[in-house]
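Now for the letters of each chain:
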Amino acid sequence: MKEDWVKVFESSEILKTKLVEDALKRQGVESHILERPDSAIPSLGAATLYAPQEKAQKAIKIIQAIDFSAVEED
């Protein structure tokens, strides 16, 4: 990870993190996911999303505007 990148989002749901990454890319914010898969079930685990420090505030505003209710399980 580049030194000037900062964490802007983290979730135990990798799919949710990938959706956030896509939303950032659509708004012109470069980002990178660092996944920590579960050793027993690789599709489970935590995922952290990083963005360049100079775009972190924009990324956070975009993330705050996302409606996660469509991807949350009942």
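Scroll up for the structure.
Below: a short report on this structure. (Residues numbered from 1 in each chain as written. Predicted model: local features only at pLDDT ≥ 70, side-chain atom pairs only at ≥ 80, totals over all residues. Heavy atoms only, no water.)

A separate point is the overall build of the protein. A tally of regular secondary structure across the protein gives two helices and three strands. The helix and strand sequence of the protein, counted from the amino end, reads β-α-β-β-α. Relative to all contacts within the protein whose residues are 6 or more apart in sequence, the contacts with residues 24 or more apart total 64%. As displayed, the protein offers around 5,100 Å² of accessible surface, 49% of which is attributable to carbon and sulfur atoms. (Helix = DSSP H or I, 4+ residues; strand = E, 2+ residues; numbered from the N terminus. Contact = heavy atoms within 4.5 Å. Areas by Shrake-Rupley, 256 points an atom, 1.4 Å probe, with all protein chains shown as cover.)

Attention now moves to the pattern of salt bridges. If you walk through the whole model with that rule in mind, you get five salt bridges. The partner of Lys7 in a salt bridge is Glu10, and the shortest N-O contact between them spans 3.6 Å. Residue class for Lys7 comes out partly exposed when judged on its relative accessible area of 48%. Relative accessible area serves as the criterion here: at 38%, Glu10 is assigned to the partly exposed category. (Salt bridge = Lys/Arg side-chain N within 4 Å of Asp/Glu carboxyl O. Buried < 20%, exposed > 50% of the residue type's maximum accessible area, 1.4 Å probe, protein only.)

Inspection of the secondary structure puts Ile14 in helix H1 (residues 14-26). For Ile14, a relative accessible area of 10% gives the class buried. Sequence separation of Ile14 and Thr48 is 34 residues, and the distance between their C-alpha atoms is 8.5 Å.

Next up on the list: the nonpolar core. Among the nonpolar cores identified, the biggest contains 16 residues, and Val8, Phe9, Val20, Leu24 and Leu49 are the most heavily contacted of them. Every element with two or more residues in this core is listed here: strand E1 (5-11), H1, strand E3 (45-52) and helix H2 (56-64). If we ignore the near neighbours within four places in the chain, the residues touching Leu24 are Val8, Val29, Ser31, Leu49, Ala59, Ile62 and Ile63. (Core = buried A, V, L, I, M, F, W, Y, C linked by side-chain atoms within 4.5 Å.)

For the rest of this paragraph, the subject is a negative patch on the surface. A cluster of acidic residues, Glu3, Asp4, Glu30 and Glu54, forms a negative patch at the surface. Positionally, Glu30 belongs in the loop between H1 and strand E2 (32-37). Its relative accessible area of 48% is what places Glu30 among the partly exposed residues. (Patch = residues over 30% accessible without salt bridge, like charges linked within 9 Å, V, L, I, M, F, W, Y side chains within 5 Å. Lys, Arg positive; Asp, Glu negative; His and termini not counted. Charge placed at Lys NZ, Arg CZ, Asp CG, Glu CD.)

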